[in-house]
Amino acid sequence: MTPASARPFVDVLPAVAKALAAGRPVVALESTIITHGMPYPHNSAMAAEVERIIAEEGAVPATIAVMDGRIRIGLSDGERESLAVTDGAMKLSRADLAYAVAEKRTGGTTVAATMIAAHMAGIKVFATGGIGGVHKGAEASFDISADLDELARTPVIVVSAGAKAILDIEKTLEVLETRGVPVVAYGSDVMPAFWSRQSPYAAPLRLDDPKAVAKFFATRAALGLAGGMLVANPVPADEEIPAERMAGFIEAAQKAAVAQRISGKAVTPFLLAKLFDLTDGASLKTNIALVENNARLAARIARAL
Ligand code: PSU
Ligand code: MN
């Protein structure tokens, strides 16, 4: 819930506030995927479509972002569109969310920052594409996304297509386990790999319907176990790019990142853009399909809660 001291910085869209007050289902959506994850106009079309899907499933969508220093829980169509064309938007995680507020900046919220804002507003379910995780080569770069720590501390269900295959999925799973984050593959015994339905790694836990996910989340809370959970939802079969096809592209993208000395926050956006080029746009098409698929499942989980 919003601490009283945070309230002056947070604007909740009236439709979202109404739904929350009435105890109706709300699904949060992140905005780094809009500002840094996809090129215009695909970002804007995707953002509108996921909101439509959530509404179609009987929940209220709340796209979260920081605009001119305001933490926005839910955006109007016009505001979402203006974010999609903002040049120089920040990429905001736990470390810099308050900076953007204090300095009246505009930025897309990552999974971590979106979880923080969703929790402030009392939203329990959040849909995205993929979470950040342990990057390949993290033993040298120390590049581990703040998304993992956030999952460990903030009680929100994050519905994703797993960790992006540009990450080290095995190490990401290890960190999540260490941090006590339940990882539930939806309808699958193996972890999905974002663009592909299957990674080589077994799913730590499996559930097959939204009610079971809701029950698990409620049970954790009842036992006093803090933190969120990750639901890994495989991309629909007719939209996937098989892992063996993706592997070559990912390697090439990673080599380009190393050659161009891309580091820090720029790594994920760089790799996504590079893959878009290398796959002639196929990676983006799959990315959009999996976000939509996650939005649908998140709405069903929100309803079950
Ligand atoms: N999934 C996508 N595109 C994205 C991201 C996820 O399909 O752009 C973003 C999410 O906001 C995620 C962030 O939280 O990338 C992770 O960035 P980093 O590895 O720098 O923590
Ligand atoms: Mn990083």
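This text follows the structure it describes.
Residues numbered from 1 in each chain as written. Chains lettered and ligands numbered in written order. Predicted model: local features only at pLDDT ≥ 70, side-chain atom pairs only at ≥ 80, totals over all residues. Heavy atoms only, no water.

Caption draft 1: Structural detail: the overall build of the protein. When you go through the protein residue by residue, the secondary structure sums to 13 helices and 11 strands. Taken over C-alpha atoms, the radius of gyration comes to 18 Å for the protein, in line with the 19 Å a tight globule of 305 residues would show. In terms of its C-alpha atoms, the protein occupies a principal-axis envelope of roughly 50 × 40 × 35 Å. The burial tally for the protein puts 55% of its 305 residues in the buried class. (Helix = DSSP H or I, 4+ residues; strand = E, 2+ residues; numbered from the N terminus. Rg over C-alpha atoms; globule rule 2.2 N^0.38 Å. Buried < 20%, exposed > 50% of the residue type's maximum accessible area, 1.4 Å probe, protein only.)

Caption draft 2: Geometry of the nonpolar core. Among the nonpolar cores identified, the biggest contains 94 residues, and Met 46, Ile 73, Ile 131, Ile 157, Val 158 and Trp 195 are the most heavily contacted of them. Element by element, the count of residues in this core is highest for helix H13 (residues 282-304), at 10 residues. (Core = buried A, V, L, I, M, F, W, Y, C linked by side-chain atoms within 4.5 Å.)

Caption draft 3: Region of the structure containing helix H3 (residues 42-56). If you check H3, its first and last C-alpha atoms are 21 Å apart, about what 15 residues at 1.5 Å a residue would give, namely 21 Å. Buried residues of H3: Asn 43, Ser 44, Met 46, Ala 47, Val 50, Glu 51, Ile 53 and Ile 54, and no others. Residues of H3 that are buried make contact with strand S2 (26-29), helix H2 (32-37), strand S3 (60-67), helix H4 (77-84) and H13. Of the residues flanking the end of H3, it is Gly 58, one or two places downstream, whose phi is positive at about 85 degrees. (Expected span 1.5 Å × (residues − 1). Contact = heavy atoms within 4.5 Å.)

Caption draft 4: Quick peek at the layout of surface pockets. The calculated volume of the largest pocket comes to roughly 480 Å³. Forming the boundary of the largest pocket are 28 residues, of which Lys 91, Thr 110, Ser 145, Asp 147 and Thr 268 lie nearest the centre. Mapped by element, the contributors of at least two residues to the lining of the largest pocket are H2, helix H8 (146-153) and helix H12 (267-278). Among the elements that line the lining of the largest pocket, the one with the most residues is H2, at four residues. Within the lining of the largest pocket, the residues separate by chemical class into seven nonpolar, 15 polar and six charged. (1 Å grid on protein atoms, 1.4 Å probe; cavity = no way out; pocket = protein on both sides within 12 Å on 5 of 7 lines; lining within 4 Å. Points joined across faces, edges and corners; volume = space filled by probe spheres on them. Nonpolar A, V, L, I, M, F, W, Y, C, P; charged D, E, K, R; others polar.)

Caption draft 5: Summary view of the pairing of S2. Side-chain alternation along S2 places Val 26 and Ala 28 on one buried face and Val 27 and Leu 29 on a second face that is also buried. Two elements, S2 and S3, share four bridges in a ladder whose sense is parallel. Bridging across to S3, Leu 29 finds its partner in Thr 63. As paired strands, S2 and strand S7 (residues 125-127) are joined by three bridges and run parallel to one another. Paired with Leu 29 across the bridge in S7 is Ala 127. (Pairing = 2+ DSSP bridges.)

Caption draft 6: Highlighting the site of ligand 1. What surrounds ligand 1 is a group of 17 residues, the closest being Glu 30, Lys 91, Val 111, Ser 145 and Asp 147. Gly 130 places a main-chain nitrogen or oxygen 3.2 Å from a nitrogen atom of ligand 1. Contact distances for ligand 1 include 3.3 Å between an oxygen atom and a side-chain N or O atom of Asn 287. Contact with the protein chains covers 94% of the free accessible surface of ligand 1, which is 490 Å². Among the detected pockets, ligand 1 sits in the largest pocket. Residue assignment for the shell around ligand 1 shows that the elements contributing at least two residues are H2 and H12. Among the elements that take part in the shell around ligand 1, H2 stands out by supplying three residues, more than any other. Tallied by class, residues from the shell around ligand 1 come to four nonpolar, nine polar and four charged. (Near = heavy atom within 4 Å. Polar contact = N/O pair within 3.5 Å; in protein donor to acceptor, adjacent residues only side chain to side chain. Areas by Shrake-Rupley, 256 points an atom, 1.4 Å probe, with all protein chains shown as cover. Sits in = over half its atoms within 2 Å of the grid points.)

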